[in-house]
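Observations on the three-dimensional arrangement
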Amino acid sequence: MDRMLFDSPVSIRIGPESTQREVTTVKGAYEALVDWPHAKRSGPLYREAVETVSAALAGTRSHKAARQALVAAADEIGILV
């Protein structure tokens, strides 16, 4: 399996219209974090997700760790579907 592909997608509601997004890759997780609500970027789980996803893109963390960090950050602010 591709090291950047999640074992299962992460469903979040994000953007100005709370559009549901299926995040299936580490790159997709990074893009979701870029689109994260600005008012919700100060939490520790968001910062941890950015660090973990960036490390996964660099090859120093696993795609599983990136997925777990994204799920935790999304759940913290209530956008996890």
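Residues numbered from 1 in each chain as written. Predicted model: local features only at pLDDT ≥ 70, side-chain atom pairs only at ≥ 80, totals over all residues. Heavy atoms only, no water.

Turning to the environment of Val53, a few remarks are in order. With respect to the helices, strands and loops of the structure, Val53 is situated in helix H2 (residues 44–58). With near-sequence residues (within four places) excluded, Val53 lies in contact with Val26, Ala29, Tyr30, Leu33 and Ala66. (Helix = DSSP H or I, 4+ residues; strand = E, 2+ residues; numbered from the N terminus. Contact = heavy atoms within 4.5 Å.)

Moving on, we get to the nonpolar core. One finds Phe6, Ile12, Val23, Trp36 and Leu70 to be the most contacted residues of the largest nonpolar core, which totals 22 residues. Mapped onto this core, the elements with two or more residues apiece are strand S1 (5–14), helix H1 (26–34), H2 and helix H3 (63–77). With six residues, the top contributor of residues to this core is H3. Discounting residues that sit within four places of it in the chain, Ile12 has contacts with Thr19, Gln20, Arg21, Val23, Ala32, Ala74, Ile79, Leu80 and Val81. (Core = buried A, V, L, I, M, F, W, Y, C linked by side-chain atoms within 4.5 Å. Buried < 20%, exposed > 50% of the residue type's maximum accessible area, 1.4 Å probe, protein only.)

This brings us to the packing of H2 against H3. Two elements in contact, H2 and H3, have axes whose closest approach is 8 Å; the angle formed by their N-to-C orientations is 160 degrees. Judged by the inter-axis angle, H2 sits roughly antiparallel to H3. Considering only the axes of H2 and H3, their crossing is left-handed. Packed against H2, whose contacting residues are Pro44, Leu45, Tyr46, Ala49, Thr52, Val53 and Ala56, the element H3 presents Ala65, Ala66, Ala69, Leu70, Ala72, Ala73 and Glu76 at the interface. Here the residues of the contact of H2 with H3 are counted per class, giving 12 nonpolar, one polar and one charged. (Axes fitted to C-alpha atoms, helices over the stretch in contact; angles between N-to-C directions. Parallel < 35°, antiparallel > 145°, perpendicular 65-115°, else oblique. Left-handed = near helix turned anticlockwise from the far one by under 90°. Nonpolar A, V, L, I, M, F, W, Y, C, P; charged D, E, K, R; others polar.)

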